[in-house]
Amino acid sequence: TTAAATTTTTTTTRANQLIQNTRSSNKVVGEFLDEIGFYQSITVTEDSPIYQARSKYQDIEVHTSHHYGKILVLDGVTQLTERDADAYNEMMAHMPMMEHMEPKRVLVIGGGDGYVVSEVLKHPSVEHVDHVELDEDVIKVCQTHFSWGKAWDDPRVTLHVTDGAAFARNAPKGYYDVIIQDSS
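Computed from a prediction, not measured in an experiment: that's the story for all the values here. (Residues numbered from 1 in each chain as written. Predicted model: local features only at pLDDT ≥ 70, side-chain atom pairs only at ≥ 80, totals over all residues. Heavy atoms only, no water.)

## Let's talk about the pattern of salt bridges
Inclusion rule: By salt bridge we mean one thing: a side-chain nitrogen of Lys or Arg within 4 Å of a carboxyl oxygen of Asp or Glu. Per-residue accessibility, obtained with a 1.4 Å probe over protein chains only, is compared with the maximum for each type, and a residue is labelled buried under 20%, exposed over 50%, and partly exposed between these values.
In total, this model carries seven salt bridges according to the counting rule given. Across the pair D59 and R54 runs a salt bridge, and its minimum N-O distance is 3.4 Å. Classification of D59 as partly exposed rests on a relative accessible area of 33%. Taking relative accessible area as the criterion, R54 reaches 51% and is therefore assigned exposed. A salt bridge links K122 to E119; the shortest N-O distance between them is 2.9 Å. By relative accessible area, K122 is classed as exposed at 55%. The buried category is assigned to E119, whose relative accessible area is 3%. The network of salt bridges with shared partners includes R54, D59 and D75.

## Overview of the nonpolar core
Heads up, the rule is: We define the nonpolar core as a collection of buried residues of types Ala, Val, Leu, Ile, Met, Phe, Trp, Tyr and Cys that are connected through side-chain atoms lying within 4.5 Å of one another. Runs of H or I in DSSP of at least four residues are treated as helices and runs of E of at least two as strands, each being numbered from the N terminus. Working rule for contacts: check all heavy atoms of both residues, and any pair within 4.5 Å makes them a contact.
Formed by 28 residues in total, the largest nonpolar core has its most connected members in L72, V106, V108, V120, V129 and F146. If you list the elements that add at least two residues to this core, you get β4 (59-65), β5 (69-74), α2 (85-99), β7 (105-110), α3 (115-120), α4 (136-145) and β10 (178-182). Not counting chain neighbours up to four residues away, the residues in contact with F146 comprise V62, K70, I71, L72, L80 and E82.

## Some details on the packing of aromatic side chains
How we decide: For Phe, Tyr and Trp, where Trp contributes only its six-membered ring, two rings pair if their centres lie within 6.5 Å, and the inter-plane angle classes them as stacked under 30 degrees, edge-to-face over 60, or tilted in between. Throughout this description, the term charge over a ring refers to an Arg CZ or Lys NZ atom that lies within 6 Å of the ring centre and within 35 degrees of the ring normal.
By the definition in use, this model includes three aromatic pairs. Taken together, a centroid distance of 5.1 Å and an interplanar angle of 25° make the contact between F146 and W148 stacked. The exposure class assigned to W148 is buried, which follows from its relative accessible area of 9%. When the ring of Y175 is compared with that of Y176, the centres are 4.9 Å apart and the planes differ by 85°; the resulting orientation is edge-to-face. On the basis of relative accessible area, Y175 is assigned to the partly exposed category, the value being 32%. Grouped by ring-pair contacts, the aromatic residues Y115, F146 and W148 constitute a single cluster. Positioned above the aromatic ring of Y175, the side-chain terminus of R105 is 4.8 Å from the ring centre.

## Structural notes on the pairing of β10
Just so we agree on the cut-off: Paired strands are those between which DSSP finds at least two bridges.
Where burial is concerned, the two faces of β10 differ: the one with V178, I180 and D182 is buried and the one with I179 and Q181 is not. Where β7 meets β10, five bridges bridge the pair, whose relative direction is parallel. Bridge pairing in β10 links G110 to D182.

## With respect to the sheet that holds strand β9 (residues 157-161)
Definition in use: Axes, fitted as lines to C-alpha atoms, cover a helix only where it is in contact. Angles between the N-to-C directions of the axes lie from 0 to 180 degrees.
Spatial ordering of the open sheet is given by β9-β8-β7-β10, a layout of four strands whose pairing is parallel. Taken across any chain shown, the strands that pair with only one partner, and hence form the sheet edges, are β9 and β10. In this sheet, adjacent strand axes meet at a mean angle of 15° when their direction is disregarded. Against the sheet, α2 touches β7 and β10, its axis set at about 160° to β10.

## Examining the pairing of β4
Counting buried positions along β4 yields six of seven residues, so the element is predominantly enclosed. Pairing of β4 with β5 involves six bridges; the strand directions are antiparallel. From the neighbouring strand, I60 faces β5, where its bridge partner is L74. What sits between β4 and β5 in their antiparallel hairpin is a turn of three residues.

Shape descriptors only; they carry no functional weight alone.
What follows is the structure, encoded as structure tokens:
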């Protein structure tokens, strides 16, 4: 048991040192999950981060990678990359949209990166999308740095910068055909 505990501590220490070393050199963006001993990282370009700030709620970073393109990181956790954002977001958007015969009114809670909203707008029956996001700074960053950040320019979209749970509680019962929650 002592040997196992020592090995675990040593592994955790090494992983934490790796995270600190790589973050300070800005060569990778990585996450370490201590409870399962898992570390993952993405190699980033020399000029990363291309954006870094603290909003009212969280640290926001945008990095670049030769393989993954731009990477959105919130509070040190990778949210999405340009290369693979579709894998999660298309499923998140299209599965519930296809469950309704003709969705006209859609509520999207969270998803400040805008990708789910951009996918919802691909459905020709959609007349109105209420997008509710708490952190306006995430939206502004994504409007500037990601191609799907133009989704909010669509006249069918109304952006509400507020608490999603409160917004949903106050919505008229049965008003939305589809509700999608994209929160981290």
